[in-house]
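Descriptive structure summary
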Amino acid sequence: MAEPLLAAKGLTRHFQIGGIFSRRNLHAVDEADLTINAREIVALAGESGSGKSTIARLLAMVYQPTAGEILFEGRPLSKMRSRKEVLNYRSQAPMVFQDPFSSLNPVYRVSHGILRSIKLHRPELNHAQRLAEAERVLTQVGLTPAAEVMGRYPYELSGGQRQRVGFAQALACKPKIILADEPVSMLDVSIRIGLLNLMAELREKEGVSFLYITHDLASARYVADRLVVMYAGHIVEQGPVEDVLARPKHPYTELLLATVPDPRAPLSDMAGADRGEPPKVVDPKPGCRFRERCPVAVAECATVTPRLRVLGGGHTAACHVAVADTMFIQPAQPSKDRTA
Amino acid sequence: MPSAPVLDIPYSPTTGPLLAVRDLTVEYATPRGSVGAVDNVSFDVAAGEFLGIVGESGCGKSTLLFAIAQLLSPPAGITAGSVTFKGRNLVGMTDKQLGAVRWREMSVVMQSAMNAFNPVKTIGSQFRDVLRAHDTKDDIAKRSQEVMRLVGIDPVHLGSYPHQLSGGMRQRAMIAMALLFTPDLVIMDEPTSALDVVAQRSLMVQTKELQRELGFAIIFVTHDMSLVSHFSDRLIVMYGGQMAEAGATRKVFDTPAHPYSKGLLEAFPSIRGPRVPLLGIPGSPPDLASPPPGCRFAPRCPSVMPSCTQIEPPLYNVDEVLVRCLLHAEEGALHG
Ligand SMILES: Nc1ncnc2c1ncn2[C@@H]1O[C@H](COP(=O)(O)OP(=O)(O)OP(=O)(O)O)[C@@H](O)[C@H]1O
Ligand SMILES: Nc1ncnc2c1ncn2[C@@H]1O[C@H](COP(=O)(O)OP(=O)(O)OP(=O)(O)O)[C@@H](O)[C@H]1O
Ligand SMILES: [Mg+2]
Ligand SMILES: [Mg+2]
């Protein structure tokens, strides 16, 4: 099999929070393994605060990992030391940030960031070509008339318009992969579909891969090949998107899918409000972090952190209780210690 | 309706709607000319009501909310209309007068948490500032922890700075701040766009419960059609700075009258059933600096008629739903 475009092994990131006398360790991401192949769209969904943006920021070299390694085309990111190498990497794997209100510099016009990306990452283009290219990417994300939008400042744009400026900046790099952190969360359904279709088209025609972070599982199903689900810093399930949606293995994924609302049907009272306490990711103890909300938890869940197990073709889940598809015989897994 | 702001009159629901927005018009002055982001919008909100507002990205939703809460700053300006809240016109009030209204009587959850929070202060100290400014007898720490639990955030994060929270946690912290007091009106601009569906459902159900208990009204802007479908009593569909359709949510969902509303309700994918390619609504939004003549949706409308590009459609009242579309000229009564 071809080498993955981007691969993370044992990716871990902790943050220190609290004052000097009450210093505590927040486990944003613990031991995450993730691969994204060339021409692949991987959707990353999960609980708010579970570490999705942290993973994207680690992959984009915005944060340094506490532990673990990231390989891009087989090369460890930790080996990229010079500014030039890092810049080059960022142009091949740009990130679209979740909050477009803080990620766009308010003192520069829209044209600035886009033209700068083009100049930096595609030095072969001349001035006129750069302008044409900038207009092209803005038009692609539906910001028209592009020539006029380029002259605006971020504060002259609505939330969804700013969000698309971030996406256009990433496109301007002609990247191999875009790390897109909730790139359509502020868009109405119609413009959202346009952007999802654009992602599919870029993958089809130019072979661009995507890490697509989203809370909109229907849109993940619409564009993605694989779905990865996180809960409280752990990847709890991953597999082919149709498979995970049709046969979720982890109780959190089940809860998530059961809660997806259908706008056409009246609200069912069942899965009403799940009032679980927020999971403890500050100085967590070993064990499954979902256990307190879990309807099927067993004693083991309180002491042993479940590892991802293969439960179907390319489908894995981190749950002591989940059972494999009946047709599927689980191969022996090399055991690896995983604490906390 | 009193025109001069009188602050201390006790408000009673029998004297009129909680909020009455009339002919509200907002323009941004730009070098290209003025951008009419909100054009002649009128509606009421009753005490305890949940009003949803949907519409295309850039159609003027946030601008409308800012205008209601008097949070606009140049180059934006209210060029016409009034916002009557509990019997007082907010337009033209001084900052001091507005200060007495904010948080206590009307709170706002902005689209961007980053704009709403001070980046160099912890969440807890920002809650303290709000509570203290209004001289509350409540135990500040206790109330702060209560609202954090309410929105599902570990109260340890009262000690965190905004950048230390995830996107969805920041959003929820903002909702928590808006609920520190029990205001009469809570205005929310896409408050749950960064939340997973489980957290979102639980937050919405709890907000609805609080609303039933305390009787506050909510104006809720969102792109999430299932949210408005399940939680709002009434719905406004905006297009190009104007109200395109307004009515009881169920009615608008079951029988959308405006072709734009129809398009909006057909555009989303599903997690079940066959995977079908979708196209969305073709065409691009109108340029608000020079909107097209006639109906603003005409250039994209699948049911366009020759008259649509000549006559600017008024709002027609069709069976208690207001709709700005010439297709309804025959059956509908002219509104207002
Ligand atoms: N710079 C930071 N300093 C301290 N803690 C942080 C920092 N960045 C993130 N965290 C913490 O890490 C955890 C994961 O945050 P992250 O932003 O990755 O979540 P997320 O999955 O993207 O959530 P959302 O869906 O709400 O955006 C949270 O508990 C958050 O408080
Ligand atoms: N300072 C400004 N100067 C000029 N135009 C502006 C300014 N601020 C906003 N606009 C324009 O006004 C229109 C309405 O913006 P608004 O933020 O109200 O949209 P919105 O409906 O909230 O969109 P979204 O769903 O994307 O947040 C947009 O087309 C925007 O480009
Ligand atoms: Mg995030
Ligand atoms: Mg907005």
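Since this is a predicted model, take the numbers as computed values, not measurements.

1. Quick word on the overall build of chain B
Within chain B, the secondary structure is distributed over 10 helices and 13 strands. Dimensions of chain B, computed from C-alpha atoms along their principal axes, come out at roughly 65 × 55 × 45 Å. Expressed as a percentage of the 336 residues in chain B, the buried residues total 57%. Taking the contacts inside chain B whose residues are at least 6 apart along the sequence as the reference set, 62% of them involve residues at least 24 apart. For chain B, the computed accessible surface area is about 13700 Å², with 55% contributed by carbon and sulfur atoms. Charge centroids of chain B, computed over 29 positive and 32 negative side chains, lie 6 Å from each other.

2. Quick notes on the pairing of strand 1 (residues 19-30) of chain B
Residue and element names in this part refer to chain B. Note that strand 1 and strand 4 (residues 76-85) share 8 bridges and pair antiparallel. In the strand pairing of strand 4, A20 is matched with T84. Relative to strand 2 (residues 33-45), strand 1 runs antiparallel, the two being bridged by 9 bridges. Bridge pairing in strand 2 places A20 opposite D44. Between strand 1 and the antiparallel strand that follows it, strand 2, lie 2 residues.

3. Notes on the packing of aromatic side chains
Two aromatic rings, taken as a pair, are described by how far apart their centres are and by the angle between their planes. All names here are of chain B. Taken as a whole, this structure holds 11 aromatic pairs over all chains when the rule is applied. Relative to Y260, the ring of Y239 lies with its centre 4.9 Å away and its plane at 50 degrees, an arrangement referred to as tilted. With Y239 in strand 9 (residues 234-239) and Y260 in helix 10 (residues 259-264), the pair connects residues that are 21 residues apart, well separated along the chain. Of the two residues examined, Y239 and Y260, each falls in the buried class. Each ring, one from Y239 and one from F297, has its centre 5.0 Å from the other, and the planes form 80 degrees; the classification is edge-to-face.

4. Here we look at the side chain of T122(B)
Residue and element names in this part refer to chain B. For T122, the position within the fold is in the loop between helix 3 (113-116) and helix 4 (123-133). Of the residues examined, T122 reaches a relative accessible area of 15% and is grouped as buried. Within the local environment of T122, its side chain forms a polar contact with the backbone nitrogen of S125, the two atoms lying 3.2 Å apart. When residues no more than four places from it in sequence are discounted, the contact partners of T122 are L158, G159, S160 and Y161.

5. A look at the site of ligand 2
The local shell around ligand 2 holds 22 residues, among which S158(A), G160(A), S57(B), S62(B) and T63(B) are the closest. Ligand 2 sits at the junction of chains A and B, each of which supplies nearby residues. Taking K61(B), its main chain carries an N or O atom lying 2.8 Å from an oxygen atom of ligand 2. Within the complex, the protein chains bury 95% of what would otherwise be the 640 Å² of accessible surface of ligand 2.

6. So, the coordination of the magnesium ion (ligand 3)
Tetrahedral coordination by four donors places them ideally at 109.5 degrees to one another around the metal; octahedral coordination by six donors ideally gives 90 or 180 degrees. Residue and element names in this part refer to chain A. For the magnesium ion (ligand 3), every protein donor is listed as S53 (OG) and Q98 (OE1), and the spread of their distances is 2.0 to 2.1 Å. Placement of S53 in helix 1 (residues 52-59) and of Q98 in the loop between strand 6 (95-96) and helix 3 (100-103) is noted, with a sequence separation of 45 residues between them. Of the two residues, S53 and Q98, neither departs from the other in class, the shared state being buried.

7. Overview of the coordination of the magnesium ion (ligand 4)
For the magnesium ion (ligand 4), every protein donor is listed as S62(B) (OG) and Q111(B) (OE1), and the spread of their distances is 2.0 to 2.3 Å. Here S62(B), found in helix 1 (residues 61-68), pairs with Q111(B), found in the loop between strand 6 (106-109) and helix 3; they are 49 residues apart in sequence, far enough to count as distant.

8. Focus: the site of ligand 1
Near ligand 1 lie 24 residues; those nearest to it are S53(A), T54(A), Q164(B), S166(B) and G168(B). Close to ligand 1, residues of chains A and B are found. Between ligand 1 and G49(A), the relevant distance is 2.7 Å, taken from an oxygen atom to a main-chain nitrogen or oxygen of the residue. Residue S53(A) places a side-chain N or O atom 2.7 Å away from an oxygen atom belonging to ligand 1. Here the residues of the shell around ligand 1 sort into 7 nonpolar, 14 polar and 3 charged.

9. Quick look at empty space enclosed by the protein
Here the structure, examined in full by the defined rule, presents 8 cavities of 30 Å³ or more. In this model, the largest cavity occupies a volume close to 140 Å³. Taken together, 15 residues make up the lining of the largest cavity; nearest its centre are D99(A), M186(A), G167(B), Q171(B) and A194(B). Contributions of two or more residues to the lining of the largest cavity are made by helix 3 of chain A together with helix 6 (167-178) of chain B.

10. Here's the deal with the pattern of salt bridges
Residue and element names in this part refer to chain A. The tally for this structure, following the rule as stated, stands at 28 salt bridges over all chains. Where R203 meets D225, a salt bridge forms, and the shortest distance between an N and an O atom there is 2.9 Å. Note that R203 is positioned in helix 8 (residues 189-206) and D225 in the loop between helix 9 (217-223) and strand 9 (226-231), a separation of 22 residues in sequence. On the basis of relative accessibility, which here comes to 14%, the residue R203 falls in the buried class.

11. Description of the interface of chain B and chain A
On the chain A side, the residues contacting the 60 residues of chain B number 63 residues. Counting the surface lost from both chain B and chain A, the interface buries some 5000 Å², and carbon and sulfur atoms represent 56% of this. Summed over the three residues of chain B that lose the most area to chain A, namely R201(B), I271(B) and R275(B), the buried surface amounts to 15% of that side. Put simply, R32(B) and E148(A) hold a salt bridge, and the shortest N to O gap is 2.9 Å. Applying the counting criterion to the chain B and chain A interface returns 19 residue pairs in polar contact (both at pLDDT 80 or more). Counting only elements with at least two residues in the side of chain B that touches chain A, the list comes to helix 3, helix 6, helix 7 (197-214), helix 8 (225-231) and helix 9 (249-254) of chain B. The element that contributes the greatest number of residues to the side of chain B that touches chain A is helix 7 of chain B, accounting for 7 residues. For the side of chain B that touches chain A, a count of residues per class yields 24 nonpolar, 23 polar and 13 charged.

12. Considerations on helix 7 of chain B
Here helix 7 of chain B is 18 residues long and its end C-alpha atoms lie 25 Å apart, about the 26 Å a rise of 1.5 Å per residue gives. Looking one or two residues past helix 7 of chain B, G215(B) carries a phi angle of roughly 80 degrees, positive in sign.

Conventions used here
Residues numbered from 1 in each chain as written. Chains lettered and ligands numbered in written order. Predicted model: local features only at pLDDT ≥ 70, side-chain atom pairs only at ≥ 80, totals over all residues. Heavy atoms only, no water. Helix = DSSP H or I, 4+ residues; strand = E, 2+ residues; numbered from the N terminus. Buried < 20%, exposed > 50% of the residue type's maximum accessible area, 1.4 Å probe, protein only. Contact = heavy atoms within 4.5 Å. Areas by Shrake-Rupley, 256 points an atom, 1.4 Å probe, with all protein chains shown as cover. Lys, Arg positive; Asp, Glu negative; His and termini not counted. Charge placed at Lys NZ, Arg CZ, Asp CG, Glu CD. Pairing = 2+ DSSP bridges. Phe/Tyr/Trp six-rings, centres within 6.5 Å; stacked < 30°, edge-to-face > 60°. Polar contact = N/O pair within 3.5 Å; in protein donor to acceptor, adjacent residues only side chain to side chain. Near = heavy atom within 4 Å. Donors = N, O, S within 2.8 Å, 3.2 Å for Na, K, Ca; no water. Nonpolar A, V, L, I, M, F, W, Y, C, P; charged D, E, K, R; others polar. 1 Å grid on protein atoms, 1.4 Å probe; cavity = no way out; pocket = protein on both sides within 12 Å on 5 of 7 lines; lining within 4 Å. Points joined across faces, edges and corners; volume = space filled by probe spheres on them. Salt bridge = Lys/Arg side-chain N within 4 Å of Asp/Glu carboxyl O. Buried area = accessible area lost by both parts, 1.4 Å probe. Expected span 1.5 Å × (residues − 1).

Function cannot be read off these values alone, since they describe shape.
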